[in-house]
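Structural characterization, general
Listed below are the residues making up each chain.
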Amino acid sequence: MGAAAVFVGLVVVIVVLALLAGLSVRLVQQYQRGVVFRFGRVRERLRQPGFHLIVPVADRMVRVSMQTTVIGVPAQGVITRDNVTLTVDAVVYYRVVDPVKVLVNVRDYSSAVLQVAQTALRSVIGKADLDTLLRDRDSINAELKAVIDAPTEKPWGLLIERVEVKDVALPEEMKRSMSRQAEAERERRARVIAADGEYQASRRLADASRAMADTPGAYQLRLLQTMVDVAAEKNSTLVMPFPVELLRFFDEFVKGARPHPAPGAERPGEPGVPIGAGRGPVAGGAAGAEGDGHRGRPA
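Right, let's walk through the structure included here.

Thresholds applied
Residues numbered from 1 in each chain as written. Predicted model: local features only at pLDDT ≥ 70, side-chain atom pairs only at ≥ 80, totals over all residues. Heavy atoms only, no water. Pairing = 2+ DSSP bridges. Helix = DSSP H or I, 4+ residues; strand = E, 2+ residues; numbered from the N terminus. Axes fitted to C-alpha atoms, helices over the stretch in contact; angles between N-to-C directions. Buried < 20%, exposed > 50% of the residue type's maximum accessible area, 1.4 Å probe, protein only. Contact = heavy atoms within 4.5 Å. Polar contact = N/O pair within 3.5 Å; in protein donor to acceptor, adjacent residues only side chain to side chain.

This brings us to the sheet that holds strand β6 (residues 69–79). Spatially, the three strands line up as an open sheet ordered β6-β7-β8, and their pairing is antiparallel. Each of the sheet's edge strands pairs with one partner strand only, and the pair in question is β6 and β8 (158–169). Strand-to-strand, the axes of this sheet are offset by a mean angle of 25°, without reference to chain direction. Here β6 runs beside strand β7 (residues 85–96); their pairing, made up of nine bridges, is antiparallel. When the bridges of β7 are listed, Gly77 appears paired with Thr87.

Counting through the fold element by element, Tyr31 comes out in the loop between β1 (25–28) and β2 (32–38). Under the relative-accessibility criterion, Tyr31 is labelled partly exposed at 38%. Distance from Tyr31 to Arg63, taken between C-alpha atoms, is 9.8 Å for residues 32 residues apart in sequence. Discounting chain neighbours no more than four positions away, the residues touching Tyr31 are Val64, Ser65, Met66 and Gln67.

In this section: the side chain of Asp59. With respect to the element layout, Asp59 can be found in strand β5 (residues 59–65). Among the polar contacts listed, one links the side chain of Asp59 to the side chain of Arg38, at a separation of 2.6 Å. Once residues lying within four places of it in the same chain are set aside, the contact partners of Asp59 are Val36, Phe37, Arg38 and Ile54.

Here it is, written out as structure tokens:
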């Protein structure tokens, strides 16, 4: 009987020790830190990764993850500074830097960071215009990070590592207007580039013309090169450029070979010819006819 009582007592002691060991041993992972509360008070020393013993019933240890946490900010309807209605969402990357502050100063810090991010997103986007939001996304992200990090780092023990605007949803009317503006801008640049190319080509052609003018045979070589280029396309029609100087030569040749009229064969009314000389026989004939008419009338 006494041996049985001793055995039962030994078993009870072993069970109590096992329970105490189970209540005392705590395992902290590599990505965690342990914060111990003794009778509700925070112990100053943080528990690093590994096995740790705490006082049962008196101590309570809370594990805090030190990994980077990513939360998505739901889409927010925002009116920009230039009165454009947008729908903007973002993503926030943060991690814990002070486990004690995270547990003591704020309750449900993940939800708190989300609420701060939503408020900061509406505030920052409302101060910016549409062009800045679309072109300078880095400055918007940096300003969002600074606004969210201010109330969370020192008071809550959180570090905002990165904030990014994920998507900007524009109204359909604004999309069409921006597409027309982009098309007009591309057309303007195309025209400017074409005009600049024509200007540079004209300058080069002028330089080439002056260089060819100094060399008499350059025009003939250029003509032969043009004929080679045209013939290389296997066309049935051959275009032959005709020099203007050759036309001027034929014009001067024709003017020099035209016969000059005799001095007495000029037409009436030309300079150097008496007017009465060409009209003498005609006037005499007219007078004679008039005299004959008077003589043939009866008295």
